[in-house]
Amino acid sequence: MTLPKFGRLVTSLAAGFVLLAAATPFATAQELRIASNTFATLDPLARNPISSDYNLHAALYSTLTSVAPDGEVVAGIATSWETPSALEWVFHLRDDVKFADGQPLDASVVAANILARIDPQKGNLISTLGKIVADVTAPDPLTLRVALKNPSVEFPRLVTGLYLTAPDHLDGSAPAGTVNPSGPYKLVSFDPDGETVLEYNPAHYGPKPDFEKVRFIVLPQVTTIIAGLLADELDFAEKLSRQDSGQLRRDETLTVGALSSYRTLFYRINPNVEPLGDQRVRQALNHAIDKQAIIDNFVDGGVVPVGQVLNPSFAGHNPDVPAYGYDPEKARALLAEAGQAGGFDLELEFAQGQNQAGDLIAQVLAQQLGEVGIRVSLTPEPFQVWSERTADPAKAAGLSENSFGGDGTLQASLVAFASLNNRNHADDPEFDKLYDALLAAETFDAAVEIARQANARAHDFAPAIFMYAQPRTYVTSDRVEWTPRKDDRVRPQDFRKPQ
Amino acid sequence: MTSRPDLQPLPRRIRIPVSAGYVWRRFMVSVFGIWGVLTVIFIAVNLNGSPVTAFVDPELATAEEIAAVTRELGYDRPIWVRYGIFLRDLLGGDFPKSYRYGESSLTLVLDRLPVTALLAVSGLAVGLIVGLVAGYVSGTGRGVLARQGPLLAMNTIRAIPDVVIGILLMFAFGVALRWLPVMGLNSWRGLVLPALVLGLSIAPSLARTYRASIISNLDSDHVRTALAKGIAPIRVRLRHVGMNALVPVVSLFGLQTANLLGGAILVENMFGIPGLGQLGASALNNRDYPVIIAVVFLSAAIFIAVNFIVDVAAAILDPRIRIE
């Protein structure tokens, strides 16, 4: 090939690439692109939906009440609610709510939704509502009465996760896989492992969201998420570690943020593994870990170490209960007192990719525990393996990574260390009594006081190495504005176009 | 020329390139291979434990609730009973339903197959073009640069992990230049980077095989004879050397099918493309055993089928390979 010919070839190739670049479509102003984990189901009645499913449910379905980004419980299709007695809640509904096919969403439909969740014959075996709701009635289309088995001061917050479906879906007569939405969006396409597309639902009673079209894109690799954000192919991603988000901070078109969430990170201690049945040994583990150093090196969001179940985002957090101080000497003394001066072997299991920098933090834990004589082996596991193993006291490792508190309720957060929780192997009758009292509390103030006592008890009993409030980290493009939330939700209707 | 009356022309015979017996034996080996793969993967996933925890809340489910779901999924029966039911359903044309999707796992997998096949074929095309050109130039070129340059380039590519090549291409053409998308397969442009990654993963071995085959052909008698007859050297290199040297490449192609499928799964994961790989990875994470079995079954079936075709093709190309 002669040089002029070679030059022409290079020029042609360059021109081709320029045309290619010119043909690159940019997202329309109406489109919102969100990086997501895989989905499991669109069906709110499914047995065990995963966290990402709720993001779709929140976009497609209405709820009685809702949670604002600041954590306050606000109106959904219920405009107001009251509790005439400790065992009863009454909700007053809007009169303009309907499904996309025109069916009204009134009190009778809400009642049918609740009944479907407390009826074991319908396959909904696992339902918080099933454990507390005795009966539900609709005296008129705009009034809903819920009778409880025991008082539930947090009931309006609990029903923020009650996604309401149409009667034909409840009785199984709707075609499988179809969605009849009443929320701000309707479904265009659903691919649990690929791309799910939503668009504005004109039948929705509420304000029109800023973005008419939403694409949830499942991206398993962090590298792809980072590239997508830098290449302006994504508008939102979350749960990136400090290391991952480092280069994103240098991009002026991106906003990287973090806040302390409702979740508290801890490492469960399995007392069935010797010598962890000894309370002094469990306390020694807590004293052996320098949480502040871990936060300083790996964690964003201004979080602080905690020594209890609930972090400071909860009203039930006990400010008088301090975090265990980093004190290796005290840890060694406690171990010696328990007859473990020579140390012992311990396994630490964690689910890969579930917590930010989880693998790095596990290595730090192993190193710091090693300094007080505890020889730690690390076992990273796929999520389902971790999930199954940690629920079995005979199989669970001595230490297992876990976090709790995603929905912000006292009831669903403190259950982390109640005996009825299959992952809690450190049963404590005293804590159980307090948890039962919490469920029976008739006022929110009483519930908060009991929660604080439960936190103090958990601190002393040390069923886990308590770490810190998990930060919620996020990245947004300059096409969107998003008010961060302390819970786990990513609701498309919360995104705004910059003014 | 006049024909002698005592010499009758021989009747024309249609020559079957390979015998029916050869094809039948290869076919039966393929069928047993697929059955073997199905059995191994069934046992493997079932030894991995019950999938029940993926379908209940493992934290708050009671023992009764777990037992109910276990019965529903059939995991209260011994593994050999489940295997018998599995084989019976298969012979009846019934692939087990996905736990997550509630539909036939084979249908799910077949729905995803076109995306993965498109990736694999595109990657193969890139790999063939790059590999054969590099092998040909390196095998026939004159001068150190022409002979060693392509080989060095191929060895360099071979030494870099596919993941790294993918990230480099993604950040160069997607992030820095913004010429090509870094995720999804919404247009033909989304195919370019994944196909490049996949193609570059198989090109080096194709290039080396082709080069070695060309060099051995260059010294053969038929090439010297062709040159002695005065056929143009370029024609000899292309037709007598280049074409004959393809036989080992065709055999290698069969083996590369597994690499292509495996590579397609990696590339799907990297570029967020919903194909077989994403489906399989997600099924593994969610213990959706029927889907795992279907993905492995289809991948094995494709691999075995391609190798069957390659064996027959090789026998057609090279009569010495034929048995009988």
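Structure: see above.
An account of the accompanying structure is given in this report.

Reading guide: rules and limits
- Per chain, residues are indexed from 1 in the order of the written sequence.
- Working convention: letters from A go to chains and numbers from 1 go to ligands, in the order in which they are written.
- Only residues with pLDDT of 70 or above have their local features reported here, since the model is predicted, and side-chain atom pairs are shown and tallied only from 80 upward, although totals for entire chains, interfaces and linings are computed over all residues.
- Heavy atoms from the whole structure form the basis of all side-chain values; hydrogens and water molecules are not counted.
- Think of it this way: any DSSP run of H or I at least four residues long counts as a helix, any run of E at least two long counts as a strand, and we number them from the N terminus.
- For this measure, only C-alpha atoms enter the radius of gyration; the expected value for a globule follows 2.2 Å times N^0.38, where N is the number of residues.
- Relative accessibility under 20% of the residue-type maximum defines a buried residue, over 50% an exposed one, and the middle range a partly exposed one, all with a 1.4 Å probe and only protein chains included.
- Contacts between residues were defined by any pair of non-hydrogen atoms, one from each residue, lying within 4.5 Å.
- The Shrake-Rupley method, run with a 1.4 Å probe sphere, supplies the accessible areas, and residue values consider only the shown protein chains as cover.
- Working convention for charge: Lys and Arg count positive, Asp and Glu count negative, and His plus the chain ends are omitted.
- The location of each charge is read from NZ of Lys, CZ of Arg, CG of Asp or CD of Glu.
- In this scheme, a helix's expected span is set at 1.5 Å multiplied by one less than its residue total.
- Paired rings are identified among Phe, Tyr and Trp, the last through its six-membered ring, by centres lying within 6.5 Å, and are further divided according to the angle between planes into stacked (under 30 degrees), edge-to-face (over 60) and tilted (the rest).
- Cation placement over rings: the criterion is NZ of Lys or CZ of Arg within 6 Å of the ring centroid and within 35° of the ring normal.
- Here the quantity called buried area is the accessible surface, traced with a 1.4 Å probe, that two parts lose on coming together, added over both.
- Salt bridge, as used here, is a side-chain nitrogen of Lys or Arg placed within 4 Å of a carboxyl oxygen of Asp or Glu.
- We call two N or O atoms a polar contact when they sit within 3.5 Å, provided that within protein one can donate a hydrogen and the other can accept it, with sequence-adjacent residues counted only if both atoms are side-chain atoms.
- Here the nonpolar group is Ala, Val, Leu, Ile, Met, Phe, Trp, Tyr, Cys and Pro; Asp, Glu, Lys and Arg are the charged ones; every other residue, Gly included, is treated as polar.

**Some points on the overall build of chain B**
Moving on, step 1. Across its full length, chain B carries 12 helices and 0 strands.
Moving on, step 2. In chain B, the order of α-helices and β-strands from amino to carboxyl end is α-α-α-α-α-α-α-α-α-α-α-α.
Moving on, step 3. Against the compact-globule benchmark of 20 Å for 324 residues, chain B has a radius of gyration of 26 Å, which places it well outside the compact range.
Moving on, step 4. Across its three principal axes, chain B shows a C-alpha extent of roughly 95 × 65 × 30 Å.
Moving on, step 5. Taken across its 324 residues, chain B has 45% of its residues classed as buried.
Moving on, step 6. By sequence separation, contacts in chain B at least 24 residues apart represent 75% of the contacts at least 6 residues apart.
Moving on, step 7. Of the roughly 16,800 Å² of accessible surface on chain B, 68% is carried by carbon and sulfur atoms.
Moving on, step 8. Counting 28 positive and 19 negative side-chain charges, chain B places the centres of these two groups 19 Å from one another.

**Brief notes about helix α16 (residues 444-461) of chain A**
Moving on, step 1. End to end, α16(A) covers 25 Å across 18 residues, agreeing with the expected 26 Å (1.5 Å per residue, within 8%).
Moving on, step 2. The first or second residue beyond α16(A) is A:Ala462, which carries a positive phi of 55 degrees.

**Observations regarding the packing of aromatic side chains**
All names here are of chain A.
Moving on, step 1. All told, the structure shown has 21 aromatic pairs over all chains when counted by the stated rule.
Moving on, step 2. Taking 5.9 Å as the distance between ring centres and 90 degrees as the angle between the ring planes, the aromatic pair formed by phenylalanine 39 and phenylalanine 216 counts as edge-to-face. Here phenylalanine 39 is found in the loop between β1 (31-36) and α2 (51-60), whereas its partner phenylalanine 216 is found in strand β10 (residues 213-218), with 177 residues between them in sequence.
Moving on, step 3. Through pairs of rings, three or more aromatic residues link up here, namely Trp81, Trp89, Phe91 and Phe155.
Moving on, step 4. When the ring centre of phenylalanine 461 is taken as origin, the NZ or CZ atom of arginine 282, which lies over that ring, is 4.5 Å away.
Moving on, step 5. Over the face of the ring belonging to phenylalanine 211 we find lysine 497, whose NZ or CZ atom lies 5.7 Å from the ring centre.

**With respect to the interface of chain A and chain B**
Moving on, step 1. On the side of chain B, 43 residues touch chain A, which itself brings 48 residues to the contact.
Moving on, step 2. When the two sides are added together, the surface that chain A and chain B hide from each other amounts to roughly 3,900 Å², 55% of it contributed by carbon and sulfur.
Moving on, step 3. If you look at where chain A meets chain B, you find 3 salt bridges.
Moving on, step 4. Inspection of the chain A/chain B interface yields 8 residue pairs in polar contact (both at pLDDT 80 or more).
Moving on, step 5. Where the side of chain A that touches chain B is concerned, the elements lending two or more residues are α1 (3-22), β10, α7 (222-230), α13 (383-390) and β15 (399-404) of chain A.
Moving on, step 6. Per element, the largest residue contribution to the side of chain A that touches chain B is 6 residues, and it comes from α7(A).
Moving on, step 7. Class assignment of the residues belonging to the side of chain A that touches chain B gives a composition of 24 nonpolar, 14 polar and 10 charged.

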